[in-house]
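Residue-level listing of the chains:
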Amino acid sequence: MSTENLPQSPQQPSRKPRVAVVFGGRSSEHGISVVTAGAVLRAIDRTRYEVLPIGITREGGWFLTADEPERMAITDRRTPDVEELAESRDGGVVLPVDPANREVVYYEAGSVPKALGEVDVVFPVLHGPYGEDGTLQGMLELSGVPYVGSGVLASAVGQDKEYMKRVFTSFGLKVGPYVVIRPREWAQDEPAARKKIVDFAGEHGWPLFVKPARAGSSIGITKVDDLSGLDEAIAEAQRHDPKILVEAALRGREIECGVLEFEDGPRASVPAEIPPPDAHAYYDFDAKYIDSTPGIVPAPLTPEETAEVRCLAVDAFEAASCEGLVRADFFLTDDGEFVINEINTMPGFTPISMYPKMWEETGIGYPELVDRLVQAALRRSTGLR
């Protein structure tokens, strides 16, 4: 598809902007974040940008890492780890906390801290809590450093599936039936909380999907076919988040759509379809990342269905006050209705991820996609906007 009618990125500035690619993190999606970072580092145009890779360990330490994307890949069904990439565990890095100073500082016990230069923009390719959920975005807002992607509110809404659904419902978007079990409910009256789920199953039927309310990459999700598997599913979800979400199964097709912020506002990509994986009960973590179940791009929809889902994806982007990028996930039910399942404010950016694949089919390749995201962040100010 031709891109001649799409808005063009601004001209290259006289000084190359410095991009800090921040990845890893404390969530259960640590490994996928490292894979995403490898793809971004491989794609970013070094003639336009200077790049500083910064990895966050599972314990929360910040370290300079090797700029070696080839080491940031899934190998032998195993995801990579920041600790393997850190140039040194003896010294860490600190991002600026003063809006008047964008210097990144390297510190080491017993040594004078060293300034590593200013950062012009942060590309936070973190997935899950402590990164994608507004926490890092809040720190960058305080520091006055521009960053790729949504702000504090949209990031938090996009991470918490309960409040995401509440926002969508308030804007007239259709969501599927769900019930939430909060930590206090479970701690104070476990039998009552379990009965709440059983009653929900009695109303909507089995199977149910039990999942962490604030996690992604299909981690911690269990498809529960009957009462016998419920307790184990709850325990698995609570390993990742004390707050859990239980959803009724929807009969239909899984459709995804990417949204990208252009100079004149957000636009949607061509949609993709996720077919049922042959070797998995549903589109779980292994189906996505280990066995690389291929999606269908573009999705085999009618022109009317394609136009509708692209419009709904932009509506979801706007409803949650998103910026930069979003992947919106829908079900096209058997009766022909689009039901939004969730959005991802920092979707998977690995070479096999659907977000870049959808934009490639729309006419924007991976390197240009990365460039547009960085340029959009540079155009935007921090603070209220």
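It should be emphasised that the depicted structure is a prediction, and the values quoted were computed from it without experimental measurement.

What counts as what
- Residues numbered from 1 in each chain as written.
- Predicted model: local features only at pLDDT ≥ 70, side-chain atom pairs only at ≥ 80, totals over all residues.
- Heavy atoms only, no water.
- Helix = DSSP H or I, 4+ residues; strand = E, 2+ residues; numbered from the N terminus.
- Contact = heavy atoms within 4.5 Å.
- Areas by Shrake-Rupley, 256 points an atom, 1.4 Å probe, with all protein chains shown as cover.
- Pairing = 2+ DSSP bridges.
- Axes fitted to C-alpha atoms, helices over the stretch in contact; angles between N-to-C directions.
- Buried < 20%, exposed > 50% of the residue type's maximum accessible area, 1.4 Å probe, protein only.
- Right-handed = clockwise from strand over helix to strand, strands pointing away.
- Parallel < 35°, antiparallel > 145°, perpendicular 65-115°, else oblique.
- Nonpolar A, V, L, I, M, F, W, Y, C, P; charged D, E, K, R; others polar.
- Phe/Tyr/Trp six-rings, centres within 6.5 Å; stacked < 30°, edge-to-face > 60°.
- Lys NZ or Arg CZ within 6 Å of the ring centre and 35° of its normal.
- Expected span 1.5 Å × (residues − 1).

What follows covers the overall build of the protein. Scanning the protein from N- to C-terminus turns up 12 helices and 16 strands. Residue pairs in contact within the protein that sit at least 24 positions apart in sequence constitute 67% of those at least 6 positions apart. Here the protein displays about 16,500 Å² of accessible surface, and carbon together with sulfur accounts for 50% of that area.

Before going further, it helps to examine the sheet that holds strand β1 (residues 18–24). One open sheet accounts for 4 strands, arranged β3-β2-β1-β7; its pairing is mixed. With partners counted over all chains shown, the strands left at the sheet margins are β3 (62–64) and β7 (121–124), one partner each. Pairs of neighbouring strands in the sheet enclose a mean axial angle of 30 degrees, with direction left out of account. Here 4 bridges tie β1 to β7, and the two strands are oriented parallel to one another. Opposite V19, over in β7, you have V121 as the bridge partner. Where helix α1 (residues 30–43) meets the sheet, it contacts β1, β2 (50–56) and β7, and its direction lies at approximately 155 degrees from that of β1.

Here β1 lies mainly inside the structure; 7 of its 7 residues are buried. In terms of strand pairing, β1 meets β2 through 7 bridges, oriented parallel. Looking across to β2, one finds that A20 is bridged to L52. The handedness of the β1 to β2 crossover, carried by α1, is right-handed.

Attention now goes to unusual backbone geometry. P207 follows W206 through a cis peptide bond whose omega is 0 degrees. Here P207 lies in the loop between α7 (190–204) and β9 (208–212). Each neighbour pair has its own omega, and for V297 with P298 the value is -5 degrees, a cis peptide bond. For P298, the position within the fold is in the loop between α9 (285–290) and α10 (303–319).

Moving on to the packing of helix α4 (residues 152–159) against helix α5 (residues 161–170). Closest axis-to-axis distance for the α4/α5 pair is 5 Å, and the angle between their directions is 110 degrees. Judged by the angle between their axes, α4 and α5 are roughly perpendicular. Contacts from V157, G158 and Q159 in α4 reach K161, Y163, M164 and V167 in α5. Here the residues of the contact of α4 with α5 sort into 4 nonpolar, 2 polar and 1 charged.

Per the counting criterion, the structure on display carries 5 aromatic pairs. Judged by centre distance (6.2 Å) and plane angle (80 degrees), the ring pair of F330 and F338 falls under edge-to-face. Each of the two residues, F330 as well as F338, counts as buried. Feature note: the residues F123, F349, Y355 and Y366 constitute an aromatic cluster, connected by ring pairs. Here R166 stacks its cationic end above the ring of Y163, 5.9 Å away from the centre of that ring.

This part covers α10. Taking 1.5 Å of rise per residue, 17 residues should cover 24 Å, and α10 covers 24 Å from first to last C-alpha, within 8% of that figure. Taken as a whole, α10 has its buried residues at T306, V309, L312, A313, V314, A316, F317 and A319. Along its buried surface, α10 packs onto α5, β12 (252–262), β13 (265–268), β15 (325–333) and β16 (338–344). Just downstream of α10, S321 is the residue with a positive phi angle, here 60 degrees.

Here the focus is α4. Listing the buried residues of α4 in full gives A154, S155, V157, G158 and Q159. Buried residues along α4 sit in contact with α3 (135–143), α5 and β16.

Mapping D241 onto the fold places it in the loop between α8 (230–238) and β11 (244–248). When sequence neighbours within four positions are dropped, the list of residues in contact with D241 reads P212, A213 and R214.

So, about the sheet that holds β9. Spatially, 4 strands are ordered β8-β11-β9-β10 in an open sheet, and the strand pairing comes out antiparallel. Where the open sheet ends on each side, the last strands, each with one partner, are β8 (178–181) and β10 (222–224). Averaged over all neighbouring strand pairs, the angle between strand axes comes to 25 degrees, with direction disregarded. Sheet topology places β8 next to β11; 4 bridges connect them, and they run antiparallel. In the strand pairing of β11, Y178 is matched with E247.

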